[in-house]
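# Inside the fold
As a plain string of letters, each chain reads:
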Amino acid sequence: VETPGLPVEVIYILSFLHASDRKEASLVCRSWYSASQDPRFQRNITFRFPASASSLELIRGLGRKPRCSLIISQLDGFSISRSLLLEVGLCLGPKLESLALPGSSITEASLLALLPRLSSLRRLDLRGLDSLFMSGAFLSREEHRQQVRSALCGLEELDLSDLRYLSDLTFNRLTGCTPRLRRLSLAGCHIAFEFDPYRGCPVGAVEDSSALLSLRNLRRLLMEQKSTLVALDLSRTSITPESLRTVAQVGCRHKFQRLSDLLLLPSLRSLDLSECLHINGTEMVKGLKGSDAARRQLETLNLRSCTYIRVVFFLARLLGDTLCELDLTSCSNVTDLSVCAVATYLQKLVVLRLGWCKEVTDWGLLGMVQRAKCEPDEETVRITGPRFTRTFGNMGFFKPPRLPFEERPKLVTPNDLEQFRQQAGASLLALSRLQELDLSACSKLTDSSITQVMRFPDLHHLSLSMLPEITDDSFVSTARHCRSLTSLVLSHCPGISDRGVAQAAPYLPRLQHLYLSCCNNITDRSLLLLVQHCKRLRTLDISRCNNISVAAVDFLQTQLPFLENLHYKFKGGADLSLSL
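Residues numbered from 1 in each chain as written. Predicted model: local features only at pLDDT ≥ 70, side-chain atom pairs only at ≥ 80, totals over all residues. Heavy atoms only, no water.

## A closer look at the overall build of the protein chain
Along the protein chain, the regular secondary structure elements total 24 helices and 20 strands. Counting across all 580 residues of the protein chain, residues that qualify as buried make up 47%. For the protein chain, the proportion of contacts with a sequence separation of at least 24, taken over those separated by at least 6, is 76%. Looking at the protein chain as shown, the accessible area adds up to about 29,000 Å², and 51% of this sits on carbon and sulfur atoms. (Helix = DSSP H or I, 4+ residues; strand = E, 2+ residues; numbered from the N terminus. Buried < 20%, exposed > 50% of the residue type's maximum accessible area, 1.4 Å probe, protein only. Contact = heavy atoms within 4.5 Å. Areas by Shrake-Rupley, 256 points an atom, 1.4 Å probe, with all protein chains shown as cover.)

## What to know about the pattern of salt bridges
This structure, assessed with the given rule, holds 15 salt bridges. With a closest N to O distance of 3.6 Å, D327 and R353 form a salt bridge. Taken as a pair, D327 in strand 12 (residues 325–327) and R353 in strand 13 (residues 351–353) lie far apart in primary sequence, 26 residues in all. Both residues of the pair, D327 and R353, count as buried. As a salt-bridge pair, R499 and D472 come within 3.7 Å of each other at their nearest N and O atoms. Placement of the pair is R499 in helix 22 (residues 498–504) and D472 in helix 21 (residues 472–481), with a sequence separation of 27 residues. Salt bridges linked by common partners bring R304, E325, D327, R353 and E436 together as one network. (Salt bridge = Lys/Arg side-chain N within 4 Å of Asp/Glu carboxyl O.)

## Brief notes about the pairing of strand 1 (residues 46–50)
Bridge count between strand 1 and strand 2 (residues 68–73): five bridges; the pairing is parallel. Following the sheet pairing, F47 is matched in strand 2 by L70. Where the polypeptide runs from strand 1 across helix 4 (residues 55–62) and back to strand 2, its parallel neighbour, the crossover connection is right-handed. (Pairing = 2+ DSSP bridges. Right-handed = clockwise from strand over helix to strand, strands pointing away.)

## A short note on the sheet that holds strand 3 (residues 96–100)
Reading across the sheet, the seven strands line up as 1-2-3-4-5-6-9 and stay open at both edges, with parallel pairing between neighbours. At either margin of the open sheet sits one strand with a lone partner, and together these are strand 1 and strand 9 (231–233). Neighbour-to-neighbour, the strand axes of this sheet turn through a mean angle of 10 degrees, independent of strand direction. For strand 5 (residues 157–159) and strand 6 (residues 183–185), the ladder comprises three bridges, and the chain directions are parallel. (Axes fitted to C-alpha atoms, helices over the stretch in contact; angles between N-to-C directions.)

## A look at the side chain of Q512
For Q512, the location among the structural elements is in the loop between helix 22 and strand 17 (513–515). Classification of Q512 as buried rests on a relative accessible area of 10%. With sequence-adjacent residues up to four places away left out, Q512 is seen in contact with S20, T486, R536, L537, R538 and T539.

So far we have only geometry, and geometry alone does not tell us how the molecule works.
Right, dumping it as structure tokens:
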């Protein structure tokens with residue numbers, strides 16, 4: 001569709017802009033506004049808003065769009081919420097593709113009146129909606145199930161995370177209305193992996209449990225929908241290895257005895273092992289070595305809180321061709337050698353999270369680790385549990401050894417930095433495609449590395465919180481070389497002051513989310529500078545910044561039109577966290 005008044009080349013150029021940039025361009029004139037509303041830009045756009053009387057007019061306006069997705073928060077059982085859901089069904093019913101209701105407490109009757117109208121729905125998010133399942137009567141009537149089944153027959157994604165009262169009975173009623181599920185999330189649900197309420201009874205011989213969700217019932221669903229289901233999220237459910245193996249075997253021609261067998265699946269693209277405390281990585285290395293297909297397909301790897309992982313070097317070398325997202329948050333055994341391996345082999349990374357890796361130092365980010373240490377012998381890498389020095393002879397009568405992350409690293413000198421500039425090493429600079437980087441709580445990092453490696457033109461999200469050694473120099477250097485930043489976290493960095501904000505703010509016109517809590521050197525002057533240079537701010541956290549006055553906060557709220565969330569707390573007052 002060619003927009004009158006502007007050549008098609010302009011619309012083509014607009015297609016390369018971020019949505020927030022297109023929004024700015026739409027303010028130029030009427031023709032530019034019409035160009036920004038081109039149907040080609042309206043795909044996969046999600047509208048998010050809280051339940052209120054003013055939202056009714058917004059929903060009526062969305063009825064003119066060919067398709068849309070909604071995230072509606074703070075719904076309850078009162079008349080405004082009921083009217084809002086009714087309006088969604090009337091105005092957007094056949095056009096709605098995705099619906100999420102976070103932080104809500106709606107009634108069964110309200111949802112049952114809405115769902116039969118959503119005939120094009122592809123994604124439904126009911127996470128945390130305990131009010132629907134508390135009574136156990138949701139979808140108990142056959143006529144309701146028939147109406148919902150006819151509307152949700154094409155549903156592909158269903159999120160049932162964090163539901164305390166989900167049982168076999170309500171789970172089967174709901175999934176029975178969604179025969180073509182591709183993705184199902186049960187993260188944080190109470191699933192009985194160890195206790196089987198049907199023990200000793202054949203499947204179907206007893207009625208579904210109305211008290212709990214069992215592994216046997218979950219396995220039955222997987223058997224019924226194995227032809228379509230491709231993703232199942234069981235994170236935060238305390239699943240046992242035996243139960244995981246049982247789930248993985250459903251509908252697969254492979255027999256999974258170890259994690260290495262799971263990696264033999266040729267279609268595996270994402271692997272989430274977060275908080276799996278017994279994972280050490282050796283089985284993963286074996287599986288990747290035995291499957292060229294897995295190495296060609298795996299794009300996302302989440303090892304958050306896997307404290308025994310020590311084979312990052314070998315994983316990086318095996319996954320270098322395809323891996324785009326790597327999460328090593330709270331992996332206490334990640335060292336400078338690990339960072340060098342990531343920078344050397346995983347140069348296609350878009351997302352890298354190293355938060356709380358306390359052994360990472362400036363040397364790792366600069367890639368100046370001794371070469372003799374950069375390629376450890378695989379045979380010498382043995383994963384064991386925690387090593388104790390206590391013996392029978394000194395039991396209880398010795399001083400505990402000093403923890404590795406408590407030791408102060410060798411400081412980087414100006415001569416070292418000059419050497420870094422002259423030689424090409426495996427520094428973080430090699431990850432030129434990064435869009436998200438988390439280095440929070442890597443407390444050994446200083447200005448020496450941050451000012452040298454934070455040079456990513458496409459970086460959107462950066463967290464440098466809880467780095468006590470960095471100063472304004474890191475803030476300013478990052479702002480100058482990462483001008484695409486939309487989210488920046490500098491909380492608990494005592495070295496950040498007004499001087500840094502004054503020099504960095506002019507380089508951050510796209511910034512939308514800024515976190516400066518517990519930065520006590522921030523004063524009213526910084527807020528005035530943010531008003532002047534960062535007009536797109538939507539979230540600002542200045543909690544426990546004791547040198548900021550109430551008057552400056554009030555002025556900030558009147559000057560920033562897009563500000564939605566403001567968090568601040570003063571010495572003598574309450575915690576004032578506002579959603580504007």
